[in-house]
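A closer look at the structure
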Amino acid sequence: MSKLDSASLPISLEFFPPKTPEGVEKLAMVRQRLYPLRPQYCSVTYGAGGSTQDGTIQTVRAILSEGFDAAPHFSCIGASKGSVREQLAQFKAEGIRRIVALRGDLPSGYGGFGEFRYASELVAFIREETGDHFHIEVAAYPEMHPQARNPQADLQAFVTKVKAGANAALTQYFFNADAYFRFVDEAAREGVTIPIIPGIMPITNSSQLMRFSDACGAEIPRWVRSRLEGFGDDKASIQAFGLDVVTQLCEQLRRGGVPGLHFYTMNQSAPVLGLCERLGI
Ligand code: FAD
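Attention in this report is confined to the structure presented alongside it. No experiment lies behind these values; they were computed from the predicted model shown.

It is worth spelling out the packing of helix α8 (residues 206-216) against helix α9 (residues 222-231) at this point. At their nearest, the axes of α8 and α9 sit 10 Å apart, and the two run at 145° to each other. For the pair α8 and α9, the contacting residues are S206, L209, M210 and D214 in the first and R225, L228 and E229 in the second. Partitioning the contact of α8 with α9 into residue classes produces 3 nonpolar, 1 polar and 3 charged.

Structure (structure tokens):
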């Protein structure tokens with residue numbers, strides 16, 4: 001693929017809502033450093049780490065006011081139809097046209113699921129209530145969602161979610177491109193035609209990566225894990241190695257014709273800028 005083709009590969013950026021005024025300021029600077037990459041849109045997580053919908057909306061509002069498209073993540077766990085309806089009305093009033101629709105996870109000690117059991121029910125409800133107003137992204141798991149019975153059942157759940165009205169899917173991060181390509185092929189055999197965009201996690205901090213990966217079921221290949229462990233606290237070596245590994249992964253994905261790349265920025269600019277520079281984006 002030529003440099004021109006790489007430059008035109010669509011990218012999107014994911015942020016989480018900062019909890020402190022300093023965090024808000026820092027994220028505003030991070031965004032300014034990343035905007036020259038011309039992201040198609042930026043998404044903002046919700047609920048993860050106890051964040052509130054207010055923090056998500058405030059960050060989305062800031063991004064929209066800076067002239068970029070923005071999508072709040074919206075999880076339905078514990079929600080009622082009435083509360084979702086109100087939230088959709090607020091999104092419309094704010095000029096939001098995209099949503100990343102999720103089930104979310106029950107916080108420990110939380111009572112019940114609410115009126116939505118799966119993300120597919122949320123997607124269907126959004127379509128019933130608002131027609132085609134929103135562009136809806138959903139989550140996909142090339143290495144299987146950790147609570148799924150087996151990969152086949154998880155694929156069927158994904159297909160149901162797509163048929164409920166999703167426009168595109170963003171994957172959980174992974175370091176094994178084969179898992180992604182297999183998932184995409186299997187989804188295509190089930191009639192899925194929407195873009196399935198790989199989620200890319202830069203490697204910058206090994207203990208955090210191990211923790212996240214254990215929680216979300218993303219596999220860190222043994223050779224990557226043992227190299228990272230071997231670097232101990234040597235941050236520079238971890239980052240240099242991480243940049244090599246993730247650049248190679250992105251190159252493999254690009255050669256395989258992915259429809260875009262979705263970067264989990266972790267509210268930092270340097271790792272994504274480093275990757276995009278290596279990729280010629
Ligand atoms: P679902 O698609 O509903 O799937 C959940 C589980 O139920 C799966 O195991 C699936 O196989 C199973 N399932 C689905 N339908 C059926 C059915 N009909 N019958 C039987 N089983 C079924 N979490 C947050 O809290 N905030 C965020 O902002 C956030 N952003 C994310 C962004 C991305 C790109 C990704 C990949 C994940 C994100 N998550 C976020 C994590 C996500 O909320 C969790 O992984 C959650 O456990 C599942 O959400 P889901 O939308 O994939 O659920």
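Moving on, there is more to tell.
Looking at the element boundaries, H73 is found in strand β3 (residues 70-75). For H73, a relative accessible area of 6% translates into the label buried. At 2.7 Å, the side chain of H73 forms a polar contact with the side chain of S43. The contacts of H73, once residues within four sequence positions are left out, are E14, S43, V44, T45, Y46, Q53, T56, V100 and L102.

The full set close to the ligand counts 22 residues, and Y46, D105, Y141, D154 and K161 are the nearest of them. Interatomic distance of 2.8 Å between a side-chain N/O atom of H145 and an oxygen atom of the ligand. Contact between the ligand and K161: an oxygen atom at 2.7 Å from a side-chain N or O atom of the residue. Protein chains shield 83% of the accessible area of the ligand, which is 970 Å² for the free molecule. Of all the secondary structure elements, the ones that give two or more residues to the shell around the ligand are α6 (151-163) and β6 (168-171). Top contributing element to the shell around the ligand by residue count: α6, with 3 residues.

Under the 1.5 Å per step criterion, the end-to-end length of helix α5 (residues 119-130) is 16 Å for 12 residues, consistent within 8% with the ideal 16 Å. Residues of α5 that are buried include every one of A119, S120, L122, V123, F125, I126, R127 and T130, and no others. Those residues of α5 hidden inside the fold are in contact with β3, α4 (81-93), β4 (98-102), β5 (135-140) and α6. Count one or two residues on from α5 and you reach G131, which has phi positive near 55°.

The next point concerns the sheet that holds β4. Pairing in this open sheet of 9 strands is parallel, and the strands run β7-β6-β5-β4-β3-β2-β1-β9-β8 from one edge to the other. The sheet is open, and its two borders are formed by β7 (196-197) and β8 (199-200), each paired with just one other strand. Pairing of β8 with strand β9 (residues 261-264), which is carried by 2 bridges, proceeds in the parallel orientation. Opposite I200, over in β9, you have F263 as the bridge partner. Helix α3 (residues 53-65) contacts β1 (11-15), β2 (41-44) and β3 of the sheet and is inclined by roughly 165° relative to β3.

Now for the state of the cysteines. Simply put, the disulfide is a covalent bond whose two ends are the sulfur atoms of two cysteines. In this structure the tally under the stated criterion is 0 disulfides. Free of any disulfide, C76 has its nearest cysteine sulfur in C216, 19 Å distant. Just so you know, C216 is unpaired, no disulfide at all, and the nearest cysteine sulfur is the one on C250, 17 Å from it. On the basis of relative accessibility, which here comes to 17%, the residue C216 falls in the buried class.

Unlike most non-glycine residues, R38 shows phi in positive territory, near 50°. Relative to the assigned elements, R38 resides in the loop between α2 (21-34) and β2. Positive phi, close to 55°, is recorded for M266, a residue that is not glycine.

Here we come to empty space enclosed by the protein. According to the stated counting rule, one finds 2 cavities of 30 Å³ or more in the structure shown. Forming the boundary of the largest cavity are 13 residues, of which M201, P202, T204, Q208 and M266 lie nearest the centre. The element that contributes the greatest number of residues to the lining of the largest cavity is α8, accounting for 3 residues. Considered class by class, the residues forming the lining of the largest cavity number 8 nonpolar, 5 polar and no charged.

What counts, and where the lines are drawn
Numbering of residues starts from 1 in every chain and runs along the sequence as written. This being a predicted model, a pLDDT of at least 70 is required before a residue's local features are given, and a value of 80 or more before pairs of side-chain atoms are given or counted; all residues contribute to the totals for chains, interfaces and linings. For the side-chain quantities, the full set of heavy atoms in the structure was used; hydrogens and water were omitted. Convention adopted: a line fitted to C-alpha atoms gives each axis, helices being fitted over their contacting stretch, and angles between N-to-C directions are expressed from 0 to 180 degrees. Secondary structure elements are defined from DSSP: runs of H or I of at least 4 residues count as helices, runs of E of at least 2 residues count as strands, and each element is numbered from the N terminus. Only heavy atoms enter the contact rule, under which two residues are in contact if any of them lie within 4.5 Å. Residues are grouped as follows: Ala, Val, Leu, Ile, Met, Phe, Trp, Tyr, Cys and Pro are nonpolar; Asp, Glu, Lys and Arg are charged; all remaining types, including Gly, are polar. Burial here depends on accessible area, computed with a 1.4 Å probe over protein chains only, as a share of the maximum for the residue type. Under 20% is buried, over 50% is exposed, and the range in between is partly exposed. As used in this structure description, the phrase polar contact means that two N or O atoms lie within 3.5 Å; if the pair is within protein, one of them must be able to donate a hydrogen and the other to accept it, and residues adjacent in sequence are counted only when both atoms belong to side chains. A molecule or strand has a residue near it when one of that residue's heavy atoms lies within 4 Å. All accessible-area figures derive from a Shrake-Rupley calculation using a 1.4 Å probe, and residue coverage is judged against the displayed protein chains alone. Expected span, for any helix, means 1.5 Å times one less than how many residues it has. Between any two strands, pairing holds if DSSP finds at least two bridges. A pair of sulfur atoms, both from cysteines and within 2.5 Å, is called a disulfide here. Using only the protein atoms, space was sampled on a 1 Å grid; points where a 1.4 Å probe fits but cannot get out form cavities, open sets with protein on both sides within 12 Å along at least five of seven lines form pockets, and lining residues are those with an atom within 4 Å of a point. Grid points are joined across faces, edges and corners, and a volume is the space filled by probe spheres set on the points.

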